[in-house]
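Structural description and commentary
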Amino acid sequence: MSDSAVLHIKGRVLAGPDDVRDGLWVVGGRVSYERPAGARDVTTIEGWALPGLVDAHCHVGLDAHGAVDEATSEKQALTDREAGTLLIRDAGSPADTRWIDDREDLPRIIRAGRHIARTRRYIRNFAHEIEPEDLVAYVAQEAKRGDGWVKLVGDWIDRETGDLGVCWPRGAVEAAIAEAHRLGARVTAHCFAEESLEPLVSAGIDCVEHATGLTEETIPLFAERGVAIVPTLVNIATFPQLAAGGDAKYPRWADHMRRLHERRYDTVRAAYDAGVPVYVGTDAGGSLAHGLVAQEVGELVKAGIPALEALSATAWGARAWLGRPGLEEGAPADLVVYEADPREDVRVLGTPRRVVLRGRVVS
């Protein structure tokens with residue numbers, strides 16, 4: 001498509017959960033709901049259109065061993081794009097992926113800088129590994145490097161106790177989160193365990209990743225403070241395999257991980273029912289494949305979240321939460337077209353008919 005070409009989405013446009021429109025036009029890479037005067041070079045696509053999907057927990061530039069090269073990062077981003085993911089919140093990566101911003105054919109990325117973890121308390125080669133006295137300084141550093149987010153590792157296996165353990169003293173996270181907010185950044189944290197949650201929420205954290213340790217005591221606190229969760233259920237599905245690998249050396253940890261896995265759907269549903277904001281994230285990168293956004297939406301539905309709300313968690317609601325536009329008049333034309341209405345069956349998300357990024361058909 002040339003810059004002067006016009007794209008016509010002929011069908012139903014899901015501009016919002018309750019805002020269904022009869023088609024749209026893409027002119028100059030932007031959304032218009034009025035037919036452009038004198039349009040001649042017009043490409044028509046029929047179907048049901050959604051805003052480009054959001055993966056709010058993704059790691060471009062990372063694999064199981066650490067940072068990857070640009071060619072591998074490109075492949076990861078393209079895999080996400082083919083799945084309809086056009087906006088990524090990169091929840092921690094040691095790789096510099098700023099070059100992706102110059103590529104018109106790759107998804108838009110909101111970065112959280114590099115993970116910040118306690119020494120020897122996270123996956124090797126992933127994070128800055130530091131002690132509590134340095135936490136504020138590293139949070140300030142990553143707040144300046146990121147795109148408005150900072151990522152902490154809130155808990156991890158403690159080899160002395162043989163179970164999940166909190167990584168940071170309360171005072172350290174209070175000071176660190178306050179510093180991030182002073183610099184205009186939001187803070188999220190990797191958390192599997194129960195005990196890590198209350199101190200982080202009380203300190204003013206904005207989001208928690210995984211949040212498998214939510215209980216009837218902490219769920220109301222999340223709801224009251226408006227703290228979002230990104231459950232990454234496609235990742236939590238791997239807990240039994242992880243536990244099997246740790247049975248011999250860390251039986252307490254293995255048993256804990258199995259229990260967190262067993263109640264995962266109940267945990268997410270209870271959080272949703274209490275009014276906790278829930279968003280779609282796959283945890284792609286590391287050991288998980290990219291392009292799993294449709295599967296994660298399906299997992300939220302399996303957990304008991306209504307289909308329309310699960311769609312919002314990867315579309316309208318997720319974009320609003322991240323401060324990015326959807327399909328309103330004049331917005332950049334990032335959208336995905338499907339053969340059928342995804343509100344009726346979210347499995348439709350797994351087979352995009354067309355992907356339009358920055359006004360161009362890229363798939």
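Whatever comes next refers back to the structure up there.
Residues numbered from 1 in each chain as written. Predicted model: local features only at pLDDT ≥ 70, side-chain atom pairs only at ≥ 80, totals over all residues. Heavy atoms only, no water.

Side note on the nonpolar core
L50, L135, I205, F222 and L300 are the most contacted members of the largest nonpolar core, which has 80 residues in total. For this core, the element with the highest residue contribution is helix α3 (residues 170–182), accounting for five residues. What L50 contacts, discounting residues up to four positions off in sequence, is L14, L311, A315, W316, L327, D334, L335, V336, Y338, P342 and L349. (Core = buried A, V, L, I, M, F, W, Y, C linked by side-chain atoms within 4.5 Å. Buried < 20%, exposed > 50% of the residue type's maximum accessible area, 1.4 Å probe, protein only. Helix = DSSP H or I, 4+ residues; strand = E, 2+ residues; numbered from the N terminus. Contact = heavy atoms within 4.5 Å.)

Quick notes on the sheet that holds strand β18 (residues 335–338)
Taken in spatial order, the seven strands make up an open sheet running β3-β2-β1-β4-β18-β19-β20, and their pairing is mixed. Each having just a single partner strand, β3 (30–32) and β20 (360–361) make up the two edges of the open sheet. Note: strand β1 (residues 6–16) against strand β4 (residues 42–51), eight bridges, orientation parallel. By the bridge assignment for β4, K10 is matched with E46. (Pairing = 2+ DSSP bridges.)

What about empty space enclosed by the protein?
Counted under the stated rule, the structure contains two cavities of 30 Å³ or more. What the largest cavity holds in volume is close to 50 Å³. Together, G154, V166, W168, V173, S196, P199 and L200 line the largest cavity. Partitioned by chemical class, the residues of the lining of the largest cavity number five nonpolar, two polar and no charged. A volume near 40 Å³ is recorded for the second largest cavity. The wall of the second largest cavity is formed by H210, A211, T212, P231, L233, I236, R264, T267 and V268. Ranked by residue count, the leading element in the lining of the second largest cavity is helix α9 (residues 264–273), at three residues. The residue makeup of the lining of the second largest cavity, split by class, is five nonpolar, three polar and one charged. (1 Å grid on protein atoms, 1.4 Å probe; cavity = no way out; pocket = protein on both sides within 12 Å on 5 of 7 lines; lining within 4 Å. Points joined across faces, edges and corners; volume = space filled by probe spheres on them. Nonpolar A, V, L, I, M, F, W, Y, C, P; charged D, E, K, R; others polar.)

Comments concerning the layout of surface pockets
Counted as a void, the largest pocket has a volume near 720 Å³. If you trace the largest pocket, you find 29 residues lining it, with I123, W156, F192, L242 and S287 closest to the centre. Counting only elements with at least two residues in the lining of the largest pocket, the list comes to β13 (155–158), α7 (239–246) and α8 (251–262). The leading source of residues in the lining of the largest pocket is α7, at three residues. A per-class count over the lining of the largest pocket returns 15 nonpolar, eleven polar and three charged. When its volume is computed, the second largest pocket comes out at roughly 250 Å³. Every residue lining the second largest pocket is counted, 14 residues in all, and those nearest its centre are S93, A95, D96, G113 and R114. In the lining of the second largest pocket, the residues fall into two nonpolar, five polar and seven charged.

Here's the deal with the packing of aromatic side chains
Considering all chains together, one arrives at six aromatic pairs under this definition. Note on Y122 and W156: the rings are 4.8 Å apart at their centroids and 70° apart in plane angle, and the pair reads as edge-to-face. Here Y122, found in the loop between β10 (116–118) and β11 (128–130), pairs with W156, found in strand β13; they are 34 residues apart in sequence, far enough to count as distant. An identical accessibility class is assigned to Y122 and W156; each is buried. Three or more aromatic residues joined by ring pairs form one cluster here, namely Y122, F126, W156, F192 and F239. Sitting over the face of the ring of Y33, R21 holds its NZ or CZ atom 4.2 Å from the ring centroid. If you follow R264 out to its NZ or CZ, it ends over the ring of Y265, 4.2 Å from the centre. (Phe/Tyr/Trp six-rings, centres within 6.5 Å; stacked < 30°, edge-to-face > 60°. Lys NZ or Arg CZ within 6 Å of the ring centre and 35° of its normal.)

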